[in-house]
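Now for the letters of each chain:
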Amino acid sequence: IDYMFTPKVLKNKKILVSAGPTQESIDPVRFITNHSSGKMGYALARSAFLMGGDVTLISGPTHLNKPYGVKTIDIITAQQMHDEIINRVQDFDYIIMSAAVGDYRCQNIAQEKIKKHEDTLTLQLQKNQDILLEMGQHKKPHQIICGFAMETQDLIENAKEKLLKKNCDMIVANHLKTKGAGFQGDTNVVSILTSESIHHYDIMSKNELAFEILNQMKKWEEQKC
Ligand code: CTP
Ligand code: CA
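Computed from a predicted structure; not experimentally measured.

### Comments concerning the site of ligand 1
Okay, so step 1: Taken together, 14 residues form the shell around ligand 1, and within it Met-97, Val-101, Ile-131, Leu-132 and Gly-147 come nearest.
Okay, so step 2: Only α4 (131-137) and β9 (144-151) provide two or more residues apiece to the shell around ligand 1.
Okay, so step 3: With four residues, β9 is the largest single contributor of residues to the shell around ligand 1.
Okay, so step 4: Tallied by class, the residues present in the shell around ligand 1 amount to nine nonpolar, two polar and three charged.

In structure tokens form, the structure reads like this:
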């Protein structure tokens, strides 16, 4: 039903969406991750399909059902997400980085379970590649790139900085400390920034927001040409 009634405004568009958290192993039984549920990214992938797009979803570990009609590729680590995205990104028109990519991984993954000894334990972490930054640096003229920004302070300033630094067309900024916003729920509270505008939104469902983000990307593309 949804499919029949959604206008196919993204027909002929190839759309890449990343979603969920990444996991970085510490040893064979433990890992480092974050609170991302994947809901925003899955809503984006589903909406993009309903709008007629040809959609690929690169997903970290989540508890969600795979969206119908979407080609889904599962990854675990930030490096795997990087490789899956960078190897195919040139084929896509719209790219949306809604994944919560881990900023650091363990420098050495212990081969055996780490046993407890001292009162403190130090893990040495190594920075992961910034996927969005790399895509922005190699952006093709036909590509529209949308990033996210997770902030707990100075939301708009930090989001603007990410927009410029990562050469994105759009940033969806979400304030993790606002009620109804963030990782686990079905709603979000965001601002959408481009180099020319800022839209502040009231609380809305992640499904509604997904349609709004995709429509804003379409609008941005149309005003560019
Ligand atoms: N991102 C990415 N690769 C990374 C880290 C982040 O592609 N290794 C993307 C995220 O998917 C998001 C955007 O960059 O679309 C911003 O992520 P965020 O965590 O808010 O910002 P960072 O640039 O990682 O900076 P910081 O966490 O220090 O605020
Ligand atoms: Ca980060």
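Let's pick the thread back up.
### Some remarks on helix α5 (residues 155-165)
Okay, so step 1: Those residues of α5 that fall on the buried side of the exposure criterion are Leu-155, Ala-159, Lys-162 and Leu-163. Along α5, the residues classed as buried sweep out an arc of 105° about the axis, all on the same side. Along α5, exposed side chains directed more than 90 degrees from the buried face belong to Glu-157, Leu-164 and Lys-165.
Okay, so step 2: Considering only its buried residues, α5 is in contact with β9, β10 (170-175) and β12 (190-193).
Okay, so step 3: Positive phi shows up at Asn-167, right after α5, with a value of about 55°.

The rules behind each value
Residues numbered from 1 in each chain as written. Chains lettered and ligands numbered in written order. Predicted model: local features only at pLDDT ≥ 70, side-chain atom pairs only at ≥ 80, totals over all residues. Near = placed C-beta within 6 Å. Helix = DSSP H or I, 4+ residues; strand = E, 2+ residues; numbered from the N terminus. Nonpolar A, V, L, I, M, F, W, Y, C, P; charged D, E, K, R; others polar. Buried ≥ 20, exposed ≤ 12 C-beta atoms within 10 Å, placed from the backbone. Arc of directions from axis to C-beta. Contact = placed C-beta atoms within 7 Å.

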